Amino acid sequence: MDQSIAIQETLAEDEKCIIAVQCFILIDNATESRLLGLVERSKEHALFVYLHRRMAITGDDVSLDGIIPISYDFAVVEVSSPDELAVVGADTRCRVTFLNEELELRLPFGSHSRLFLSEVNKAWSDVCQQYPASTPRFQWLAKYRSKLTPTRGSMKSLTSKGESLSKSSHTRKTERSQTAERRGPPAEHKSGGNGGPDSPGRVARVLLEDRNDLPPPSIHTYSCNKAQMLSLPQFGLRDNLIRCELQKSEAAYTNLEDFSFFLGTYNVNGQTPKERLGRWLASTPDPPDVYFVGFQELDLSKEAFIFNDTPKESEWINAVMEGLHPDAKYAFVKHVRLVGIMLLCFVKTEHAEHIHEVEAETVGTGIMGRMGNKGGVAIRFRFHNSDICVVNSHLAAHIEEYERRNQDYREICSRMQFHQQDPDLPPLTILKHSIVLWLGDLNYRISNLDVDQVKDLISKKDFEALHAYDQLKRQIDEEAVFVGFTEGDIDFQPTYKYDTGSSQWDSSEKCRVPAWCDRILWRGQNIRQLHYTSHMALKTSDHKPVSSLLEIGIKVVDEEKQKRIFEEIVRNMDRWENECIPSVSLSQREFHFKDVKFMQHRAETLTIHNDGQVPCQFEFIQKLDEPAYCKAWLTANPHKGFLAQGASVDVDLEVFVNRFTAPELNSGRQQIEDILVLHLDRGKDYFISVMGNYLPSCFGTSINALCHLREPIQAMPLDTIQKLTSVSAGQELSSSPVAEPPRDTPKEICMMVEHLYRNASKQEDLFQQPGLRSEFEEIRDCLDTGEPDSIPGSNHSVAEALLLFLDALPEPVVPYHYYRQCLDCCSDYSQCKQVIDMLPQCHKNVFMSLTEFLRGLLKHSAHNRLDVNILATIFAALMLRSPAKQDLGQKRKTQEFYQHFLTQDLDL
């Protein structure tokens, strides 16, 4: 949830909240939660501190507690002490200083906090660069003094000191500036002795410095040789050279040591913890070294689905903490949640200092590939010298949807990307890690056996025979999913589906066939499974929890050996740089993509081979006056990297036309043409040509243009399409390139609506369960070419195609310039109707047609499980799209606006 929206509502129109982060503030030896926002006005910045509700959604949820101007007297320092597990991925502790006052903060660990600190860094750097020619006055902050909440501790004094910058302060700044100029830019903020005069044992590091001047956490600082090397101008390249050479010599300075990893997965069916989890989590004789615990369906409420917020998160975290093995102490490393999918990580406290580079990401694979009711969450980290990624996923349900589950798996693998701490390195995908552990409710079922046959094999404990009918086993055998993964032998009965509160099979009317939905797999070397079992004693859910204990060989660094190798590499560095210029050879210089279609992924491989005498660093760079290194429909993956001498890398040149790029290509204002510039650090540039042709699509074409097209869009001449698509909503054509009068409503919308009304009025979970990508492509081709005569694909695929069609419209059903009027009158239905009555006729016709269709679906809500809230949430976001980023308050108003038309008289 972007809580900067709530802060923005409290600010003046010319003030902007750049970024916000929730944190804890130390006041009178106690911690209290606050919302921290970086606010900018006319190139002056200040930190605004707010009291807030548990999840700040609107301005009513926050109250101003303090303001800290970012002037020359401002600084932020990250602090930690030897008895804290700061390296684990726990919260980041910071000290904010302004003049002679200090404030202790604790920020949540992760990339968002680093981004927040980076933005603060930029703001402070701007002040330093402008000084002394320009000094911030902060007069715009005066109006907020009366709004401050009375508070304890140092917030009040920090705020009051920020009200004016005295001449004596100006004198001190001048002295500091002159001293700084004599010393040059600081490489690192060092504390004397035990860390600081008022903070014994602390290690402090200034965050407000260029991170490129600091060594990455994965490489230890051994001697002054490295410090000297890092101060050189080519630090980024030199650091990559060191990393490359160290990696090649890794076997010489690492030893394999075994560590035990406990992996657990539990679909809790929206329940709260009702049983102690020790029988599951502490079921091993010896305490594991590392825990990864995954949950699915943590919260099934609509609020959790829409707002991704749930009180059950903390309830289950506490239950897990209480259930960990009692014979060891554990540190909480990280947790990540997407709606009801949550993953927790704990390690023994003695291992905490060896956990580095912790990152967490999420991917939703629900309807339109965005909703988070299905998808995956993951945590990646480096343990000693091994890189590990752990994924918890909840894939598509229903026995017949195994292809959809396969698609969910592939989307999680391709879309889950972790940003590395070195910004010069490309993001990491799941399968780039040497060890991958995957757990979750994968939802693969047992097929080709009826329920009685399955239960008979279970009663005989003939799990080997039953496993032959398992969908996941079959899909792995066919190499459709989880290629390279291993799953241990299953010698426990299926974990789904039971009557809640018991260990009896499902006795409901549906009488689900038992299945091993809950699974644990792994990928990598030196991994041995010690046990794999379910835990029948836990009865909270209709699933049973599953656990696996893995013994994993982790690469542990011998620091003395690594130090010697490191110093040898450093000694060779100058010779490598001075003697040789990098060069590469390319597999080809021209790429042609024929007949590109909307939302069809196309890729060609460019192989870059380092044929020079030294390692090299490459990057695709921006061309003059262009905002990115390539057009928006093109990506190079990876777009930058590092190549050892004699090594090669395959770069995927990927073309993908989506809702943002389709309108320009349909109209002919853009073509599939681009030139990539591949740059070598300290070397020359190489030019790669990308060409192709795009097949026009109704997806991404305006309502007005489609109404004028009597034939499928690909049967029309290109110049006709381009003339029609050049007209904005509400404008009249001076002379129509089509002889026939326009249709009232685009035929493509009529075809999809009629198909759904005829075949899917009683379809369960309509507009909530995704379709198949392959079926969407068939539907798209049918609409664009007219063949076949009737729309193919499942009801879910046609429903998702309709949503994607609305999402791709260049101008939404309610054109952008009516958006503000809709928000203003959302509580008055008569005024709402007046706005719709003003729409261009073709847009009004589409609005009415879709609304009539949805009202018809609501008559069958007992079967399709749709209600007004669900439909208003989904369709208001598509038909009343915001021309700018939409905040939660606006989203609620659009839902209220559209809800009138679903529940009240539709006569306009």
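Note that the structure is predicted; figures quoted are calculated from it, not measured.

The next thing to look at is the overall build of the protein. Counting its regular elements, the protein contains 27 helices and 30 strands. Across the 908 residues that make up the protein, the buried fraction comes to 54%. Here the contacts in the protein between residues at least 6 apart in sequence split such that 70% fall between residues at least 24 apart. With the model as given, the accessible surface of the protein reaches about 39,700 Å², and the carbon-plus-sulfur share is 46%.

Pairing within the open sheet is mixed, and its 6 strands lie in the order β11-β12-β10-β9-β21-β20. The strands lining the two open edges of the sheet, one partner per strand, are β11 (330-338) and β20 (527-534). When the angles between neighbouring strand axes are averaged without regard to direction, this sheet yields 20°. Pairing geometry for strand β9 (residues 254-267) and strand β21 (residues 546-557), over 12 bridges, is antiparallel. Opposite Phe 261, over in β21, you have Leu 550 as the bridge partner. Here helix α10 (residues 312-323) sits on the sheet and contacts β10 (290-296), β11 and β12 (341-348); the angle it forms with β12, its principal contact strand, is near 30°.

In terms of nonpolar packing, the biggest core is built from 103 residues, with Ile 608, Phe 767 and Phe 875 touching the most fellow members. If we skip the residues at most four places from it in the chain, Ile 608 touches Val 584, Ser 585, Leu 586, Phe 618, Leu 643, Ala 647, Ser 648, Val 649, Val 651 and Leu 678. In terms of nonpolar packing, the next biggest core, distinct from the first, is built from 48 residues, Val 336, Ala 360, Val 454 and Ile 520 among them.

For the structure on display, the rule yields 2 cavities of 30 Å³ or more. Roughly 40 Å³ of volume is contained in the second largest cavity. Along its surface, the second largest cavity is lined by Leu 36, Leu 47, Val 76, Cys 94, Val 96, Leu 105, Leu 107, Phe 116, Leu 117 and Val 120. If one sorts the elements of the lining of the second largest cavity by residue count, helix α2 (residues 111-130) sits on top with 3 residues. Its residues assigned to classes, the lining of the second largest cavity shows 10 nonpolar, no polar and no charged.

Another point: the pairing of strand β25 (residues 616-621). Across a regular strand the side chains alternate sides, sitting on one face of the sheet and then on the other. Pairing of β25 with strand β27 (residues 640-643) involves 4 bridges; the strand directions are antiparallel. Considered in β27, the bridge of Cys 616 is made with Leu 643. The pairing of β25 with strand β29 (residues 673-680) spans 4 bridges and is classified as antiparallel. Looking at β29, one finds that Ile 621 is bridged to Val 677.

All told, the structure shown has 0 disulfides when counted by the stated rule. Here Cys 389 stays unpaired: no disulfide links it, and the sulfur of Cys 413, its closest cysteine neighbor, is 9.1 Å away. Overall, Cys 389 belongs to the buried group, its relative accessible area being 0%. Considering cysteine sulfurs only, Cys 842 is the nearest to Cys 707, which forms no disulfide, with 4.7 Å between them.

For the rest of this paragraph, the subject is the packing of aromatic side chains. Following the criterion strictly, the structure yields 33 aromatic pairs and no others. Pairing Tyr 498 with Trp 505 gives two aromatic rings, centres 4.5 Å apart and planes at 20°, and the pair type is stacked. The pair Tyr 498 / Trp 505 is uniform in exposure class, with both members buried. On the numbers, 6.5 Å between centres and 70° between planes, the contact of Tyr 757 with Phe 853 is edge-to-face. Of this pair, Tyr 757 sits in helix α19 (residues 747-759) while Phe 853 sits in helix α24 (residues 841-858), and the two are 96 residues apart along the sequence. On the accessibility criterion, Phe 853 (3% relative accessible area) is buried. Through a chain of ring-to-ring contacts, the aromatic side chains of Tyr 829, Phe 847, Phe 897, Tyr 898 and Phe 901 assemble into a single cluster. Across from the ring centre of Tyr 444, 5.3 Å away, lies the NZ or CZ of Arg 405, which sits over that ring. Positioned over the ring face of Tyr 498 is Lys 544, at 5.0 Å from the centre of the ring.

The next thing to look at is the confidence of the model for the protein. Taken residue by residue, the protein gives an average pLDDT of 84. The fraction at 70 or more is 83%. Counting interchain partners and residues more than four positions distant, the pLDDT-below-50 stretch residues 81-89 has 22 contacts. This model gives residues 161-235 a pLDDT under 50, and the stretch forms 110 contacts once residues within four places in sequence are excluded.

This part takes up the environment of Thr 495. Relative to the assigned elements, Thr 495 resides in the loop between α14 (471-477) and β19 (518-523). For the pair formed by Thr 495 and Ser 534, sequence separation is 39 residues and the distance between their alpha carbons is 7.0 Å. Sequence-distant contacts of Thr 495, defined by excluding residues within four places in its chain, comprise Ala 515, Trp 516, Cys 517, Asp 518, Ser 534, Asp 542, His 543, Lys 544 and Val 546.

Glancing now at the pattern of salt bridges. Per the counting criterion, the structure on display carries 35 salt bridges. The salt bridge involving Glu 32 is made with Arg 34; its shortest N-O contact spans 3.0 Å. For Arg 34, a relative accessible area of 3% corresponds to the buried category. A salt bridge links Asp 542 to Lys 497; the nearest nitrogen and oxygen atoms lie 4.0 Å apart. Here Lys 497 lies in the loop between α14 and β19 and Asp 542 lies in the loop between β20 and β21, a separation of 45 residues in the sequence.

Moving on: the packing of α19 against helix α21 (residues 795-808). Interhelical geometry of α19 versus α21 gives an angle of 145° and a closest axis separation of 10 Å. Crossing geometry of α19 relative to α21 is assigned as left-handed. Only Asn 795, Val 798, Ala 799, Ala 801, Leu 802 and Phe 805 of α21 make contact with α19, whose side of the interface consists of Glu 748, Ile 749, Met 752, Val 753, His 755, Leu 756 and Asn 759. Here the residues of the contact of α19 with α21 are counted per class, giving 9 nonpolar, 3 polar and 1 charged.

This part covers the side chain of Arg 445. Structurally, Arg 445 can be placed in the loop between β18 (435-441) and α12 (451-459). Separated by 2.8 Å, the side chains of Arg 445 and Asn 443 make a polar contact. Arg 445 has contacts with Ala 397, His 398, Ile 399, Arg 405, Tyr 469, Asp 470, Gln 471, Tyr 496, Ala 515 and Cys 517, leaving out every residue within four places of it along the chain.

Pairing in this open sheet of 5 strands is mixed, and the strands run β23-β30-β29-β25-β27 from one edge to the other. Whereas interior strands pair on both sides, the edge strands pair on one side only; in this sheet they are β23 (590-596) and β27. Direction aside, neighbouring strands of the sheet carry axes that sit 20° apart on average.

Interaxial distance between α19 and α24 falls to 11 Å at its minimum, and their mutual angle equals 10°. Taken as axis vectors, α19 and α24 run roughly parallel relative to one another. Residue-level contacts link Ile 749, Val 753, Leu 756 and Tyr 757 of α19 to Val 846, Leu 850, Phe 853 and Gly 856 of α24. Across the contact of α19 with α24, the residue classes tally to 7 nonpolar, 1 polar and no charged.

Note that strand β1 (residues 16-27) and strand β2 (residues 30-41) share 11 bridges and pair antiparallel. Bridge pairing links Cys 23 to Arg 34 in β2. Connecting the antiparallel pair β1 and β2 is a turn made up of 2 residues, with Asp 28 showing a positive phi of about 50°. With 2 bridges joining them, β1 and strand β7 (residues 101-107) adopt antiparallel strand pairing. Within β7, the residue paired with Ile 25 across the bridge is Leu 105.

Attention now moves to unusual backbone geometry. Between Tyr 496 and the following residue, Lys 497, the backbone shows a cis peptide bond with an omega angle of 5°. Each neighbour pair has its own omega, and for Asn 637 with Pro 638 the value is 0°, a cis peptide bond. Inspection of the secondary structure puts Pro 638 in the loop between β26 (634-637) and β27.

The rules behind each value
Residues numbered from 1 in each chain as written. Predicted model: local features only at pLDDT ≥ 70, side-chain atom pairs only at ≥ 80, totals over all residues. Heavy atoms only, no water. Helix = DSSP H or I, 4+ residues; strand = E, 2+ residues; numbered from the N terminus. Buried < 20%, exposed > 50% of the residue type's maximum accessible area, 1.4 Å probe, protein only. Contact = heavy atoms within 4.5 Å. Areas by Shrake-Rupley, 256 points an atom, 1.4 Å probe, with all protein chains shown as cover. Pairing = 2+ DSSP bridges. Axes fitted to C-alpha atoms, helices over the stretch in contact; angles between N-to-C directions. Core = buried A, V, L, I, M, F, W, Y, C linked by side-chain atoms within 4.5 Å. 1 Å grid on protein atoms, 1.4 Å probe; cavity = no way out; pocket = protein on both sides within 12 Å on 5 of 7 lines; lining within 4 Å. Points joined across faces, edges and corners; volume = space filled by probe spheres on them. Nonpolar A, V, L, I, M, F, W, Y, C, P; charged D, E, K, R; others polar. Disulfide = S-S within 2.5 Å. Phe/Tyr/Trp six-rings, centres within 6.5 Å; stacked < 30°, edge-to-face > 60°. Lys NZ or Arg CZ within 6 Å of the ring centre and 35° of its normal. pLDDT = per-residue confidence, 0-100. Salt bridge = Lys/Arg side-chain N within 4 Å of Asp/Glu carboxyl O. Left-handed = near helix turned anticlockwise from the far one by under 90°. Polar contact = N/O pair within 3.5 Å; in protein donor to acceptor, adjacent residues only side chain to side chain. Parallel < 35°, antiparallel > 145°, perpendicular 65-115°, else oblique.

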